[in-house]
Amino acid sequence: MSSRRRQAAGGWCLMMLMVAGCSRSAAPTESPSAVADTPLPSTSASLDDRDIRVTGPYVHDNMAVFLIHADHQESGDFLTLQEGLSKGLVEVTEKDQQQVRELLIDNKSDRPLYLQEGERLQGGKQDRIIASSLVIPAHSGKQTLPAFCVEQSRWTEGKGGAAFAACPNPALAPKAVRGAAKYAKEQGQIWSAVAALKDGAAANLGAMNSNSSINELFDAPKIQSLSEEYAANLTAILDKHPDAVGVAIAVNGQFEEADIYPNHGLLAKLYPRLVQSYAVQATLRKDQAKEASSLSAADIVACLKKGPAKSQREERLDARNCLEIKELDNKRLTCATNFDGRMVNYQVMRKA
């Protein structure tokens, strides 16, 4: 094994978890102070003492979040796309020879730019989302950015020309859209997921549905207010836990996703946006909430434990970013995002 691959495989131990299962515990729902202190195994000789614990659930309506805590955090001050675009530190444009699945990005800041899959972009010739989590180095110059379309049919520049702007609602795209982009890499699945969500929100929430873009739905004042409601009720708890480096999200007692980051600072920037990405889904499924069982912190630990891979693949996005994707026997997917051999995101996602 090359030194670079050993470095990736020996990244900080939280990130090396592989899902074994997510069965519900027979115990009653944990209170917010409950702890599942089963340590997850380390694969890094320098970080053998790092264990994690899970607390929660912290609940708002039919959504629950669980915090993932670590006794050690990696250094790193990352810029986010929302910050970079709003401050003029990051520029995203169409390529000279426009392509749906490739854009150009330029990080002009002094900090590395962390991008999460599902970051929504507004403008250009079609609204897009970032296809995969990755890091753009400081003062990168223009480089290719993988993307997918979330606005079927339009192919004309708007008032911003070839440039893209940040969306009013910072919520990431919903899980079905993000999963179709990152794991399935199937444009048709993305359009289908967008259409289904927009139709459901139009019929049940009175949301406008006049075009094909997911941004019309998520940036509408009513949906933005709904997203902010979930974030306001579920993110305040994060301030009380500076050792938290990850979050797991469940809707109606069903595990949906877990994300772990190098440190609390990056988690704090992504946490509310992940919560907001589930607000519409949770609201549309409230009528099913009474039939749902609760998950405990111990159940989330079980979701994160090692397990055999049904299939796996490695995707090199560019010279510095690599994804290690695995499909597990229990119908869950995992993805480790490595930048220069260092893991910057470990994700577990339930398949749609």
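## With respect to the sheet that holds strand S10 (residues 134–136)
Spatially, the three strands line up as an open sheet ordered S4-S7-S10, and their pairing is mixed. Edge positions in the sheet fall to strand S4 (79–80) and S10, since each has one partner strand and no second. Examined bridge by bridge, strand S7 (residues 113–115) and S10 share three bridges and lie antiparallel to one another. Opposite Tyr114, over in S10, you have Val135 as the bridge partner.

## Some thoughts on helix H3 (residues 175–184)
Of all 10 residues in H3, eight are buried; the element is thus mostly enclosed. Those residues of H3 that fall on the buried side of the exposure criterion are Lys175, Val177, Arg178, Gly179, Ala180, Ala181, Lys182 and Tyr183. Lys185 sits one or two positions beyond H3 and adopts a positive phi of about 55 degrees.

## Some thoughts on the layout of surface pockets
Taken as a whole, the second largest pocket encloses approximately 290 Å³ of empty space. Every residue lining the second largest pocket is counted, 19 residues in all, and those nearest its centre are Gln122, Gly123, Asp127, Arg154 and Lys159. Breaking the lining of the second largest pocket down by element, the ones donating at least two residues are strand S8 (120–123), strand S12 (164–166) and helix H5 (214–218). The greatest single-element share of the lining of the second largest pocket, amounting to three residues, is contributed by S12.

## Observations concerning the confidence of the model for the protein
The predicted model of the protein has a mean per-residue pLDDT of 86, with 85% of residues at 70 or higher. Predicted confidence is poor over residues 1–21, with pLDDT under 50, and the contacts of this stretch with residues over four places away or in other chains come to 83 contacts. pLDDT under 50 marks residues 38–50. Its contacts with residues more than four places away, or in other chains, come to 36 contacts.

## Side note on helix H6 (residues 221–235)
Under the 1.5 Å per step criterion, the end-to-end length of H6 is 20 Å for 15 residues, consistent within 8% with the ideal 21 Å. Those residues of H6 that fall on the buried side of the exposure criterion are Ile223, Gln224, Leu226, Ser227, Tyr230, Ala231, Leu234 and Thr235. Around the axis of H6, the buried residues are gathered within 160 degrees of arc, so they sit on the same side. Turned more than 90 degrees off the buried face of H6, the exposed positions are Pro221, Lys222 and Ala232.

Quick notes on the rules
Residues numbered from 1 in each chain as written. Predicted model: local features only at pLDDT ≥ 70, side-chain atom pairs only at ≥ 80, totals over all residues. Heavy atoms only, no water. Pairing = 2+ DSSP bridges. Helix = DSSP H or I, 4+ residues; strand = E, 2+ residues; numbered from the N terminus. Buried < 20%, exposed > 50% of the residue type's maximum accessible area, 1.4 Å probe, protein only. 1 Å grid on protein atoms, 1.4 Å probe; cavity = no way out; pocket = protein on both sides within 12 Å on 5 of 7 lines; lining within 4 Å. Points joined across faces, edges and corners; volume = space filled by probe spheres on them. pLDDT = per-residue confidence, 0-100. Contact = heavy atoms within 4.5 Å. Expected span 1.5 Å × (residues − 1). Arc of directions from axis to C-beta.

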